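Descriptive structure summary
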Amino acid sequence: WSGIVLGTVAVWILVTHGDLASLMLHDPAAVSWGLGAGISYGLFGALSSSISKEEQLTFLFYASAGSAMFLAPLAMSEFHSVFELSVTTFLVILASGVLLDCFGYYCWTMANRLAREQSLDIAKVSSITLALPFLSTLLISIIFGEKDLIRPYFIIAVALLTLSSGLCQLGEKIASYF
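Attention here is on the structure that accompanies the text. What you are looking at is a predicted structure, and each value in this text was computed from that prediction instead of being measured. (Residues numbered from 1 in each chain as written. Predicted model: local features only at pLDDT ≥ 70, side-chain atom pairs only at ≥ 80, totals over all residues. Heavy atoms only, no water.)

Some words on the nonpolar core
Spelled out, the test is: Side-chain atoms within 4.5 Å are what join buried Ala, Val, Leu, Ile, Met, Phe, Trp, Tyr and Cys residues into a set we call a nonpolar core. Any residue under 20% of the maximum accessible area for its type is buried, any over 50% is exposed, and the rest in between are partly exposed; the area is computed with a 1.4 Å probe on protein chains only. Starting at the N terminus, helices and strands are each numbered in turn, a helix being any DSSP run of H or I of at least four residues and a strand any DSSP run of E of at least two. In this description, contact between two residues means that some pair of their heavy atoms is separated by no more than 4.5 Å.
Residues Ala10, Ile13, Leu149, Tyr153, Phe154, Ala157 and Leu160 constitute the largest nonpolar core, which totals seven residues. When residues of this core are traced back to their parent elements, those giving at least two are helix H1 (2–15) and helix H7 (152–169). Sorting elements by how many residues they give to this core places H7 first, with four residues. Each residue touching Ala157, except ones within four places of it in the same chain, is listed here: Ala10, Ile13 and Leu14. Core analysis: the next-biggest nonpolar cluster, separate from the first, contains six residues, Phe44, Phe59, Leu60 and Ala63 among them.

And the structure:
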């Protein structure tokens, strides 16, 4: 439970920009996007370990299409922004999607399937994927010159998320000591 509590505190730190007493979200649209993506990410992770090698590409297609349909209503409110993007920005977004998402999800699905086939602990395999959102944020921040990565609240939140992930992965071992 401590891992879940730490993870929840870390998310609260992020959405309030470190003002824990605040009930005001600094960017409700970003929180909505994050929650929607998190739901899709969680469902993908839960379902991807149950597919066969032959079903992998079909699963990836339907999972991506389903997530896109799930998030489409939120995307409609942002559609006007597409026309404000420069060609360079659009290409960076496209490359990020292909390199980080398509390739990453393909590898993740394959790793989950192989772990199941070889009777490995899927939790150990999937713990690596917890670094993907951080790495993606790091890459995007570098490309777009955002300064959030050096703000104290962000550093604390990332540290708490990392600790939370570790506690969740080691929960069974920690419980055996008590």
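So that's the structure; there's more coming.
Looking at the packing of aromatic side chains
Each aromatic ring pair is summarised here by two numbers: the centre-to-centre distance and the angle between the ring planes. Applicable threshold: Think of it this way: a Phe, Tyr or Trp ring, Trp meaning its six-membered ring, pairs with another when their centres are within 6.5 Å, and the plane angle makes it stacked under 30 degrees, edge-to-face over 60, tilted otherwise.
Using the criterion set out here, one finds one aromatic pair in the structure. An angle of 75° between the planes, with centres 5.2 Å apart, marks the rings of Phe61 and Tyr62 as edge-to-face. Note on Tyr62: relative accessible area 57%, which makes it exposed.

Details of the side chain of Gln56
Take Gln56: it is sitting in helix H3 (residues 56–76). Given a relative accessible area of 3%, Gln56 falls into the buried group. Aside from chain neighbours lying at most four places away, what touches Gln56 is Ile51, Tyr106, Thr109, Met110 and Arg113.

As for the pattern of salt bridges
Convention followed: A carboxyl oxygen of Asp or Glu within 4 Å of a side-chain nitrogen of Lys or Arg is what we treat as a salt bridge.
Inspection of every chain in the model, using the stated rule, returns one salt bridge. With a closest N to O distance of 3.3 Å, Glu117 and Arg113 form a salt bridge. Of this pair, Glu117 and Arg113 both sit in helix H4 (residues 87–117), four residues apart, roughly one helical turn. By relative accessible area, which is 46% here, Glu117 ends up partly exposed. Among the residues examined, Arg113 registers a relative accessible area of 5% and is labelled buried.

Let's talk about H7
Applied cut-off: Residue count minus one, scaled by 1.5 Å, sets the expected span of a helix. The arc under discussion is defined with respect to the helix axis, by the directions toward the C-beta atoms.
Taking 1.5 Å per residue as the helical rise, H7 with its 18 residues ought to reach 26 Å, and the 26 Å between its terminal C-alpha atoms agrees with that figure. All buried positions along H7 are accounted for by Tyr153, Phe154, Ala157, Leu160, Ser164 and Ser165. Down the axis of H7, the smallest arc covering the buried residues is 140°, so these residues share one side. Exposed and facing more than 90 degrees away from the buried side of H7 are Pro152 and Thr162.

Quick word on the packing of helix H2 (residues 28–48) against H3
Keep this limit in mind: Angular values range over 0 to 180 degrees, each being the angle between N-to-C directions of two axes fitted as lines to C-alpha atoms, with helices fitted over their stretch in contact. For this classification, under 35 degrees means roughly parallel, over 145 means roughly antiparallel, 65 to 115 means roughly perpendicular, and everything else is oblique. Each helix crossing is assigned a hand: it is left-handed if the near helix lies turned anticlockwise from the far helix by less than a right angle, otherwise right-handed if that turn is clockwise. Charged means Asp, Glu, Lys or Arg here, nonpolar means Ala, Val, Leu, Ile, Met, Phe, Trp, Tyr, Cys or Pro, and polar covers whatever is left, Gly included.
At a minimum axis separation of 10 Å, H2 and H3 run at an interaxial angle of 160°. As judged from the angle between their axes, H2 and H3 are roughly antiparallel. The way H2 lies across H3 gives a crossing that is right-handed. Between H2, through Ala29, Ser32, Trp33, Gly36, Ala37, Ile39, Ser40, Phe44, Leu47 and Ser48, and H3, the contact on the second element is made entirely by Phe59, Leu60, Ala63, Ser67, Phe70, Leu71, Leu74 and Ala75. Of the residues assigned to the contact of H2 with H3, the class counts are 13 nonpolar, five polar and no charged.

All we've got here are geometric facts, nothing functional implied.
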